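One-letter residues, chain by chain:
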Amino acid sequence: MLSTPLGDGAELCPLEPWQAPELAAYTERVRDHLAPWLPWAHSVTDEESARAFLQRHADRQAADEGRIYGIRLDGELVGGMMFRLFDAAAGSCELGAWLAPEAQGRGLVTAAASRMIDWAVGVRGLSRVEWLVSPENGPSVAVARRLGMTHEGTLRSVFPLGGRRHDLQVWSLLAEEWRAAS
């Protein structure tokens, strides 16, 4: 219920605090895969921390500052998407994504991001969508390219994670570019 089909048994649907047990189990199962890229993969360690994480996102949604969704394949949680930042007044947002290794290569993140961009641009009237990614995360860089985003530059040593500092590439897409490509 309340989901958006992504094709081939996949769907994008809200991820809410009551789903904390499922998120905790998912994170435990794929932690090693997610940990190099996502700070929350280190802090979501049990049902309580998963509930707190999802509640923060529910509160951000209530304030119109972000949203979080699960990507399901045949009903099973295999990944997710979020508006990590969402600023309707400024007309911009930032997308974030994660996916279990066994679900990669199906175009799920690209399809989910496309639906979210359609909504942000078409329904909410945002002008700019950003995608920040470690240059070492090849699959995520590939999604930015498939979405037609422009690499604007690299923020050097901006992101602390796992005991070291990481670069982040800034990719973006403007509303007029999205509309022209659609």
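See the structure printed just above.
First things first, this report covers the structure right here in the doc. Everything quoted here is computed from the prediction, not taken from an experiment. (Residues numbered from 1 in each chain as written. Predicted model: local features only at pLDDT ≥ 70, side-chain atom pairs only at ≥ 80, totals over all residues. Heavy atoms only, no water.)

## A word on the pairing of strand E5 (residues 92-99)
Taking burial as the measure, the eight residues of E5 include six buried ones, the bulk of the element. As paired strands, strand E4 (residues 76-87) and E5 are joined by eight bridges and run antiparallel to one another. Of the residues in E5, the one forming a bridge with Gly 80 is Trp 98. Between E4 and E5, which pair antiparallel one after the other, the connecting turn spans four residues, and Gly 91 there sits at a positive phi close to 80°. The pairing of E5 with strand E6 (residues 128-133) spans four bridges and is parallel. Paired with Ser 92 across the bridge in E6 is Arg 128. (Buried < 20%, exposed > 50% of the residue type's maximum accessible area, 1.4 Å probe, protein only. Helix = DSSP H or I, 4+ residues; strand = E, 2+ residues; numbered from the N terminus. Pairing = 2+ DSSP bridges.)

## Structural notes on the layout of surface pockets
The computed volume of the largest pocket comes to approximately 970 Å³. What lines the largest pocket is a set of 41 residues, and nearest its centre among them are Trp 37, Leu 38, Gly 96, Ala 97 and Trp 98. At six residues, the largest contribution of residues to the lining of the largest pocket is made by E5. Each residue belonging to the lining of the largest pocket can be placed in one class, and the counts come to 24 nonpolar, eleven polar and six charged. Forming the walls of the second largest pocket are Leu 2, Ser 3, Thr 4, Leu 12, Cys 13, Pro 14, Tyr 69, Phe 83, Arg 115, Met 116 and Trp 119. (1 Å grid on protein atoms, 1.4 Å probe; cavity = no way out; pocket = protein on both sides within 12 Å on 5 of 7 lines; lining within 4 Å. Points joined across faces, edges and corners; volume = space filled by probe spheres on them. Nonpolar A, V, L, I, M, F, W, Y, C, P; charged D, E, K, R; others polar.)

## Some points on the nonpolar core
If you look at the biggest cluster of nonpolar residues, it comprises 36 residues, and the most contacted ones within it are Ile 71, Met 81, Leu 95, Ile 117, Trp 131 and Met 149. With nine residues, helix H4 (residues 108-123) is the single largest residue contributor to this core. Counting 19 residues, the second largest nonpolar core, distinct from the first, contains Leu 15, Trp 40, Phe 53 and Leu 54. (Core = buried A, V, L, I, M, F, W, Y, C linked by side-chain atoms within 4.5 Å.)

## Here we look at the side chain of Thr 110
In this structure, Thr 110 sits in helix H4. When neighbours within four sequence positions are excluded, Thr 110 is seen to be in contact with Val 143, Arg 146 and Leu 147. (Contact = heavy atoms within 4.5 Å.)

## Considering the packing of helix H1 (residues 20-34) against helix H3 (residues 47-62)
Relative orientation of the contacting elements H1 and H3 amounts to 110°, with a least axis distance of 8 Å. Relative to H3, H1 is oriented roughly perpendicular. The hand of the H1/H3 crossing is right-handed. Judged by residue contacts, Ala 20, Pro 21, Leu 23 and Ala 24 of H1 engage Glu 47, Ala 50, Arg 51, Phe 53 and Leu 54 from H3. Of the residues in the contact of H1 with H3, the class split is seven nonpolar, no polar and two charged. (Axes fitted to C-alpha atoms, helices over the stretch in contact; angles between N-to-C directions. Parallel < 35°, antiparallel > 145°, perpendicular 65-115°, else oblique. Left-handed = near helix turned anticlockwise from the far one by under 90°.)

## A short note on the sheet that holds strand E7 (residues 150-161)
Within the open sheet, the eight strands sit side by side as E1-E2-E3-E4-E5-E6-E8-E7. Their pairing is mixed. Taken across any chain shown, the strands that pair with only one partner, and hence form the sheet edges, are strand E1 (4-7) and E7. With direction set aside, neighbouring strand axes in the sheet form an average angle of 25°. Sheet analysis places strand E2 (residues 10-14) next to strand E3 (residues 67-73), joined by five bridges and oriented antiparallel. Its bridge partner lying in E3, Cys 13 is registered against Gly 70. Across the sheet, H1 is in contact with E3, E4 and E5; its angle to E4 comes to roughly 85°. Its contacts with the sheet place H4 against E1, E2, E3, E4, E5, E6 and strand E8 (164-174), and it is angled at close to 35° to E4.

Remember that the coordinates give geometry; whether it matters functionally is a separate question.
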